[in-house]
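Structure assessment
Next come the chains, spelled out residue by residue.
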Amino acid sequence: MSTDTIDTSDHLSEPPTTPVRGTSDLPAEQPVEPRQDKLAPGAFRAIALLLASGFTVILNETTMSVALPPIMDELGITATTGQWLTTAFLLTMAVVIPATGFLINRLGTRGAYLTAMSLFTVGTALAMIAPGFGLLVTGRVVQATGTAIMMPLLMTTIMTIVPPHMRGRVMGNVGLVIAAAPALGPTLSGAILEPLGWRGVFGVVLPIAVLALVAGVLWIRDVSDKDAHHLDPLSLLLAVVAFGGLVWGLSGLGEGAHAGAGAINPLIPLITGLAFLGLFIWRQIVRQRTDSALLDLRTFRESNFRVAIGIMAVSMLAMLGTLIVLPLVLQQAMGLTPLQSGLVVLPGGLAMGLLGPVVGRWYDRVGPRPLLVPGAVLVTLGIGMLAFLHPGISVFYVLGAHITFSLGLAAVFTPLFSAALGVLKPHQYSHGSATINTVQQVAGAAGTALFIAIMTLRSDALTATGTSAADALTKGAGLAFGIGAGVMAVTIALATLIRRPESDGEVHGGH
């Protein structure tokens, strides 16, 4: 086998069937040779490339928040129209991710990667040269399609080629991608905008995407057999309406009073999405009988996966809700500039990302519960601290609360990813990864809607009684943070139910 082919057999002390142990009735056996803790060169290059590509595409997701004003000025569009650059991206992610399990199995690792990076590269190029808003939105949609494929592919590949005793430390790097990239996106965008303009935001990313695509041609190989099943058009249609409707409706609820005149009532897409979600689940259950479901829901038969998904949904709800509301309070109530507010939340985001690999190594040693329980406590404590914000509070208090919150999330996400996917059978990895990423999208939209709605309703009520705008806003945000902390507290108990996957226990010899 060439060195460019992903190969883990030459560095594992386990028999070739090790990755599927724990999913069969075979007894656990001790390794006959001392295990090694390094990936083969081909596997290392492939995972490093997937991580770098994942970081690039996720970084791009948050750059539009800062770039929107100059885009509005140059293209002559309103803020309501401009928000579609973000909304269209999120909607595309929501409707494509449920199909990624099928796509990865159908196209294989190599085909899925090249498809994802080709789409992202083309979308970036279209956005950079767009003469008007229509082509710019089209470019963002094409970008989002590639992004939607990349993250499930990254998780699936790690679960497939990394031996169980190393999955935590490697999966910890996924936490770095998910946490650090969104935190750096607005900062990078702001640094590029002044010298290069908004097109430069895409122009800087384009050569990186091209290099990643070329590297993928050289280094990425298939790591599992391809699936010959055909796409079910009805399942795809139901997924588009279900998940698109949910994200659209939840996003509309979050906009609340800020929605423009003539905007569609968000309850319409939300209720439609819920109805079609029921139909989508029914269709998948029917298709599972012939192993041809678009999204295999048999992953939910594993209690570890069910509980982990629940904790992940609440954690994403808390994270996205906090990241949306906190900058509003910092700028509109405490008088900070956009740059200053960005600097306040940057340390926490970076700490969460950089701690991911460390938490991954701890997971390999101690398992999920010793990390999940204190992590959930820290997240709850951090959000609870933010419930006491007021206009004159020290910025260092806010900084401490956000760092506490971020450190807790770092201790939550990596164990959840590893424990949830570790109990699945190898052929379910792609479907489990797609489910996790779908839940993240919907929960993120729900968190934004919940926090913004609570803050708006409370602050409007206080303003009507004569409370100053700054006090009303901080008290409204405080109520949102307080409710968020209460919801997050439930995950502390749920975290005690997560167990270490059997394959991890076998490899560690029970230690």
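Residues numbered from 1 in each chain as written. Predicted model: local features only at pLDDT ≥ 70, side-chain atom pairs only at ≥ 80, totals over all residues. Heavy atoms only, no water.

1. Structural notes on the pattern of salt bridges
Applying the stated criterion across every chain yields a total of seven salt bridges. The shortest N-O distance in the salt bridge between D232 and R287 comes to 3.8 Å. Of this pair, D232 sits in the loop between helix 7 (167–219) and helix 8 (233–255) while R287 sits in helix 9 (residues 267–288), placing them 55 residues apart in sequence. Just as D232 is buried, R287 falls in that class too. A salt bridge links R298 to D296; the shortest N-O distance between them is 2.9 Å. Take R298 and D296: they sit in the same class, and that class is buried. (Salt bridge = Lys/Arg side-chain N within 4 Å of Asp/Glu carboxyl O. Helix = DSSP H or I, 4+ residues; strand = E, 2+ residues; numbered from the N terminus. Buried < 20%, exposed > 50% of the residue type's maximum accessible area, 1.4 Å probe, protein only.)

2. Some points on the environment of I285
You can see I285 is positioned in helix 9. For I285, a relative accessible area of 43% puts it in the partly exposed group.

3. Structural notes on the environment of D222
As for its placement among the helices and strands, D222 is situated in the loop between helix 7 and helix 8. Reaching out from D222, the side chain makes a polar contact with the backbone nitrogen of R110 at a distance of 2.9 Å. (Polar contact = N/O pair within 3.5 Å; in protein donor to acceptor, adjacent residues only side chain to side chain.)

4. So, the side chain of T92
Tracing the sequence through the fold places T92 in helix 4 (residues 84–96). Judged by its relative accessible area of 8%, T92 is buried. Leaving out residues up to four positions away in the same chain, T92 has contacts with V141, A144 and T145. (Contact = heavy atoms within 4.5 Å.)

5. Side note on the packing of helix 14 (residues 429–464) against helix 15 (residues 469–495)
Describing two packed helices takes the angle between their axes plus the distance from one axis to the other. Remark: helix 14 packs on helix 15, axes separated minimally by 7 Å, with the N-to-C direction vectors making an angle of 140 degrees. By the angle class used here, helix 14 and helix 15 are oblique. When the axes of helix 14 and helix 15 are compared, the crossing they make is right-handed. Facing helix 14, whose interface residues are F451, I454, M455, R458, S459, L462 and T463, helix 15 presents A472, L473, K475, G476, A477, L479, A480, F481, I483 and G484. Taken together, the residues of the contact of helix 14 with helix 15 sort by class into eleven nonpolar, four polar and two charged. (Axes fitted to C-alpha atoms, helices over the stretch in contact; angles between N-to-C directions. Parallel < 35°, antiparallel > 145°, perpendicular 65-115°, else oblique. Left-handed = near helix turned anticlockwise from the far one by under 90°. Nonpolar A, V, L, I, M, F, W, Y, C, P; charged D, E, K, R; others polar.)

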